[in-house]
Amino acid sequence: MNIVVKIGSALLANQDLLTPRFGFLQRLMEDVTRLRSTGRNVIICSSGSVALGLRIVGETAESAGVSDKQAAAACGMPLLLNAYRQVGHEFGLEIAQVLLTLGDFEDHRRFLNTRNTVHRLLEAGVIPIINENDSITTEEIRVGDNDRLAAKVAQMIGAKEFIILTGVDGLYDRNPDDPDAQFVPEVADVSQYMEATRGKSLLGTGGMATKLQAANMAQEAGCTTWIARGDADRPLSTVLDGERRATRITAHPDPQSSWDSWITNRLQMAGSLVVSEAVADELASRQRSIRREDVLSMEGDFTRGDVLHVYDPGGTERARGLSDFSSEEIRVLTHNPETDAEQLLGYRTHGEIVRSANLVPLETRHLLWDAPEAIV
């Protein structure tokens with residue numbers, strides 16, 4: 001059984017000294033060894049490279065800009081990996097680093113290549129330490145938070161358990177600082193709690209909202225998510241064995257196929273279409289393609305093979321699907337509805353913008369994305 005563990009920056013880096021917290025790593029890797037002895041694989045999605053590199057580049061979490069954080073990540077990555085390797089070797093564990101970017105998740109071929117690499121490492125008994133390649137990504141092309149990155153990894157490798165270790169012991173129905181806040185032990189529908197999850201830590205890039213978004217992505221792929229405090233003697237096994245308080249977000253009993261899950265679980269919006277209410281209703285049958293005459297408006301610049309978000313005229317997201325054309329080609333097709341598609345584009349095509357086989361209607365169990373302002 002594969003288990004994905006996401007670890008926040010505050011657990012890995014001392015907030016004042018910006019140095020590795022070796023005590024936490026010792027407890028973590030000891031517990032990883034314990035889980036591996038029961039036949040379970042552990043994949044670690046680790047924050048911390050930016051935090052550990054800030055001191056080297058002379059910046060703080062408050063003062064660092066984008067280029068400062070990129071430079072800090074370049075300095076912090078070897079420190080982070082060395083800390084894992086140093087502690088891991090005490091338990092006979094081999095460590096590998098896998099640095100990913102947004103494109104490794106959003107491009108299906110790269111997604112499969114990444115999955116093959118991770119599986120090969122697991123076959124060799126090596127623990128993958130996965131992180132976003134923060135030294136080369138910018139705000140426009142980055143995943144943005146390691147919670148959702150870890151959820152995509154869980155989806156990618158077919159994990160059954162996804163543990164998010166953080167600074168609190170789970171989800172509350174409102175801000176935990178509120179004296180009336182109530183702990184939530186189990187969640188089936190994360191949308192009920194999205195409004196209560198605002199704010200983020202100083203060293204991290206995501207708050208509880210991103211953790212619930214990540215949990216929703218995982219549960220759609222048939223993976224149970226746990227949100228738990230990381231500072232514990234056995235931070236992983238005590239959660240899985242129910243020995244301490246944590247929030248359990250249940251996997252959907254009827255998970256999506258890997259193809260549908262890849263299409264619907266997006267990290268960024270490449271582009272969007274608006275179709276009529278009647279067409280949007282027909283998409284639920286999964287027999288209906290989107291043709292050029294169906295498109296009322298379009299937003300974004302994208303290429304063939306990108307996933308588009310499909311909205312009705314009221315701005316409600318109804319489906320996501322793989323585009324057969326670039327945004328420029330769709331503009332040409334929709335602006336010239338009477339002209340044959342082959343004549344317009346110079347190659348043979350049926351002119352379907354999104355084919356039914358590549359279109360997934362969204363159900364109530366999905367977290368929907370707000371429509372871009374330009375198409376509302």
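Remember, predicted model here, so these are calculated numbers, not experimental data.

S.K.: How should the confidence of the model for the protein be read in this particular structure?
M.R.: Detailed reading of the predicted coordinates is not advisable wherever pLDDT is low. Looking at the protein as a whole, the pLDDT averages 90, with 95% of positions reaching at least 70. Here residues 200-206 is modelled with pLDDT under 50, and outside its nearest four sequence neighbours on either side it reaches 17 contacts, counting other chains as well.

S.K.: Where do I start with the environment of aspartate 189 in this structure?
M.R.: Among the secondary structure elements, aspartate 189 is positioned in the loop between strand S8 (186-187) and helix H8 (208-220). C-alpha separation for the pair aspartate 189 and leucine 149, spaced 40 residues apart in sequence, amounts to 21 Å.

S.K.: Which parts of the structure should I look at to understand the side chain of asparagine 265?
M.R.: Locating asparagine 265 in the fold gives a position in the loop between helix H10 (258-264) and strand S11 (271-275). If we ignore the near neighbours within four places in the chain, the residues touching asparagine 265 are Lys152, Gln155, Met217, Glu220, Gln256 and Arg320.

S.K.: Where do I start with the pattern of salt bridges in this structure?
M.R.: When their charged atoms lie close together, side chains carrying opposite charge are able to pair. Across all of its chains, the model carries 25 salt bridges by this definition. Between arginine 318 and aspartate 312 there is a salt bridge whose closest N-O contact spans 2.9 Å. In this structure aspartate 312 comes out as buried when scored by relative accessible area, which is 6%. Here the salt bridges share partners, and the residues they tie into one network are Glu277, Asp281, Asp312 and Arg318.

S.K.: What is the right way to look at helix H12 (residues 327-335) in this model?
M.R.: Because the α-helix completes a turn every 3.6 residues, residues three or four places apart line up on one side. Where H12 is concerned, the buried positions are Ser327, Ile330 and Leu333. Seen along its axis, H12 keeps its buried residues to an arc of 120 degrees; they face one direction. When the buried face of H12 is taken as reference, the exposed residues oriented beyond 90 degrees from it are Glu328 and His335. Among the structural elements, strand S13 (295-299), strand S14 (307-311), helix H13 (341-345) and strand S16 (352-354) are those in contact with the buried residues of H12.

S.K.: I would appreciate a short explanation of the sheet that holds S13 in the present structure.
M.R.: The strands making up a sheet are joined through hydrogen bonds of the backbone, oriented either antiparallel or parallel. Within the open sheet, the five strands sit side by side as S13-S11-S14-S15-S17. Their pairing is mixed. Sheet topology places S13 and strand S17 (359-361) at the edges, where each strand pairs with a single neighbour. Averaged over neighbouring strand pairs, the angle between their axes works out to 25 degrees when direction is ignored. Note that S14 and strand S15 (residues 317-322) share five bridges and pair antiparallel. Paired with tyrosine 311 across the bridge in S15 is glutamate 317.

S.K.: Please clarify how the sheet that holds strand S10 (residues 247-249) should be interpreted in this entry.
M.R.: Within the open sheet, the eight strands sit side by side as S3-S4-S2-S1-S5-S9-S10-S8. Their pairing is mixed. Of all the strands in the sheet, just strand S3 (94-100) and S8 have a single pairing partner and so form its edges. Two strands pair when backbone bridges link them, and S3 and strand S4 (residues 126-132) are joined in this way by seven bridges, in the parallel orientation. Residue pairing in the sheet places isoleucine 95 in a bridge with isoleucine 127 of S4. The strands touched by helix H7 (residues 146-157) within the sheet are strand S1 (2-7), strand S2 (41-46), S4 and strand S5 (161-166), with S1 carrying the most contacts at an inclination of about 170 degrees.

S.K.: Can you walk me through the pairing of S11 in this structure?
M.R.: A regular strand carries its side chains on alternate faces of the sheet. By the criterion of burial, S11 is predominantly enclosed, with five of the five residues buried. Alternating positions in S11 separate into two faces, Gly271, Leu273 and Val275 on one and Ser272 and Val274 on the other, with burial throughout. Pairing between S11 and S13: four bridges, direction antiparallel. Bridging from a neighbouring strand, leucine 273 pairs with methionine 298 of S13.

S.K.: What exactly am I supposed to notice about helix H6 (residues 108-123) here?
M.R.: Spanning 16 residues, H6 covers 23 Å between terminal C-alpha atoms, matching the ideal 22 Å at 1.5 Å per step. For H6, the capping residue at the N-terminal end is aspartate 107, with a side-chain oxygen 3.2 Å from the backbone nitrogen of arginine 109. At the exit of H6 stands glycine 125, carrying a positive phi of roughly 80 degrees.

Cut-offs used in this document
Residues numbered from 1 in each chain as written. Predicted model: local features only at pLDDT ≥ 70, side-chain atom pairs only at ≥ 80, totals over all residues. Heavy atoms only, no water. pLDDT = per-residue confidence, 0-100. Contact = heavy atoms within 4.5 Å. Helix = DSSP H or I, 4+ residues; strand = E, 2+ residues; numbered from the N terminus. Salt bridge = Lys/Arg side-chain N within 4 Å of Asp/Glu carboxyl O. Buried < 20%, exposed > 50% of the residue type's maximum accessible area, 1.4 Å probe, protein only. Arc of directions from axis to C-beta. Pairing = 2+ DSSP bridges. Axes fitted to C-alpha atoms, helices over the stretch in contact; angles between N-to-C directions. Expected span 1.5 Å × (residues − 1). Polar contact = N/O pair within 3.5 Å; in protein donor to acceptor, adjacent residues only side chain to side chain.

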